[in-house]
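So the chains spell out like this:
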Amino acid sequence: QVQLVESGGGLAQTGGSLRLSCAASGRGFSGHAMGWFRQAPGKEREFVAGISWSSNTHYADSVKGRFTISRDNAKNTVYLQMNSLKPEDTAVYYCAARYAPTIELVSLIPAYDYWGQGTQVTVSS
């Protein structure tokens, strides 16, 4: 079992920044690829960014150049640095872990084995 707890969400202004963290506990963070997803009200959950065990990364086009995913394997933590925030970034952000180390399939929701509870990000215009 892997437990994931997100933090760092909150309110930001357009053009501002937030940094999300996802702390993993339990067995199995080692060797897991990780991802960030988001879900806005009335919309489906969508991929934001993914990172392999060796820190290869992949981003949704909508956040490329603005968001950066990273991980600290010694701390069992993955981060999402969000810059140049826009109102359309408003959503609940979820961290997820999958039983595979590589970057393949990180954009696919069914590929993930564990999910966090989510953290709200609200960007005001």
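Throughout what follows, the structure given in this document is the object of discussion. (Residues numbered from 1 in each chain as written. Predicted model: local features only at pLDDT ≥ 70, side-chain atom pairs only at ≥ 80, totals over all residues. Heavy atoms only, no water.)

**Re the overall build of the protein**
To keep it simple, the criterion reads: Secondary structure counts use DSSP, requiring at least four H or I residues in a row for a helix and at least two E residues in a row for a strand, with both numbered from the N terminus. It is over C-alpha atoms that the radius of gyration is taken, and the globule rule equals 2.2 Å times the number of residues to the power 0.38. Using a 1.4 Å probe on the protein chains alone, a residue whose accessible area is under 20% of its type maximum counts as buried, one over 50% counts as exposed, and one in between counts as partly exposed. Two residues form a contact once any of their heavy atoms are found within 4.5 Å. Per-residue and other accessible areas were derived by the Shrake-Rupley procedure at a 1.4 Å probe size, with only the shown protein chains allowed to occlude residues.
Secondary structure summary: the protein contains 0 helices and 11 strands in total. Ordered by position from N to C terminus, the α and β elements of the protein give β-β-β-β-β-β-β-β-β-β-β. Relative to the globule expectation of 14 Å for 125 residues, the C-alpha radius of gyration of the protein, 13 Å, shows essentially globular dimensions. Taking the principal axes of the C-alpha coordinates as reference, the protein spans close to 40 × 25 × 25 Å. Going through the 125 residues of the protein one by one, you find that 44% of them count as buried. A separation threshold of at least 6 residues defines the contact pool for the protein, and within that pool the share at least 24 residues apart is 60%. For the protein, the accessible area works out to roughly 6200 Å², and carbon and sulfur atoms hold 49% of it.

**Describing the packing of aromatic side chains**
Here is the rule we go by: Any Phe, Tyr or Trp ring, taking Trp's six-membered ring, that has another such ring centre within 6.5 Å forms a pair; planes under 30 degrees apart are called stacked, those over 60 apart edge-to-face, and the others tilted.
Taken as a whole and assessed by the stated rule, the structure comprises 5 aromatic pairs. For the pair Tyr99 and Tyr114, a centre-to-centre distance of 5.7 Å together with 80° between the ring planes defines the contact as edge-to-face. Remark: Tyr114 occurs in strand β10 (residues 114–115) and Tyr99 occurs in the loop between β9 (91–98) and β10; sequence separation between them is 15 residues. For Tyr114, a relative accessible area of 14% puts it in the buried group.

**Some remarks on the sheet that holds strand β1 (residues 2–7)**
To keep it simple, the criterion reads: Each pair of strands is called paired provided DSSP finds at least two bridges between the two strands. Every axis in this analysis is a line fitted to C-alpha atoms, fitted for helices over the stretch in contact. Angles between the N-to-C directions lie between 0 and 180 degrees.
With respect to topology, 4 strands assemble into an open sheet ordered β1-β3-β8-β7, the strand pairing being antiparallel. With partners counted over all chains shown, the strands left at the sheet margins are β1 and β7 (67–72), one partner each. The average undirected angle you get between the axes of adjacent strands in this sheet is 15°. Relative to strand β3 (residues 18–26), β1 runs antiparallel, the two being bridged by 6 bridges. What sits directly across from Gln3, in β3, is Ser25.

**Points about the pattern of salt bridges**
Working definition: two side chains of opposite charge can pair if their charged atoms are close together. Operational definition: By definition here, a salt bridge exists when the distance from a side-chain nitrogen of Lys or Arg to a carboxyl oxygen of Asp or Glu is within 4 Å.
Evaluated as defined, the whole model comprises 4 salt bridges. Where Asp89 meets Arg38, a salt bridge forms, and the shortest distance between an N and an O atom there is 2.9 Å. Separated by 51 residues along the polypeptide, Asp89 in the loop between β8 (77–82) and β9 and Arg38 in strand β4 (residues 33–39) bring together distant segments of the chain. Each member of the pair, Asp89 as well as Arg38, carries the same accessibility label: buried. The salt bridge partner of Asp89 is Arg66, with a shortest N-O separation of 2.8 Å. With a gap of 23 residues between them, Asp89 in the loop between β8 and β9 and Arg66 in the loop between β6 (57–59) and β7 connect regions that are remote in the sequence. Judged by its relative accessible area of 1%, Asp89 is buried. Overall, Arg66 belongs to the buried group, its relative accessible area being 11%. Look at the salt bridges and you will find they share partners, linking Arg38, Glu46, Arg66 and Asp89 into a network.

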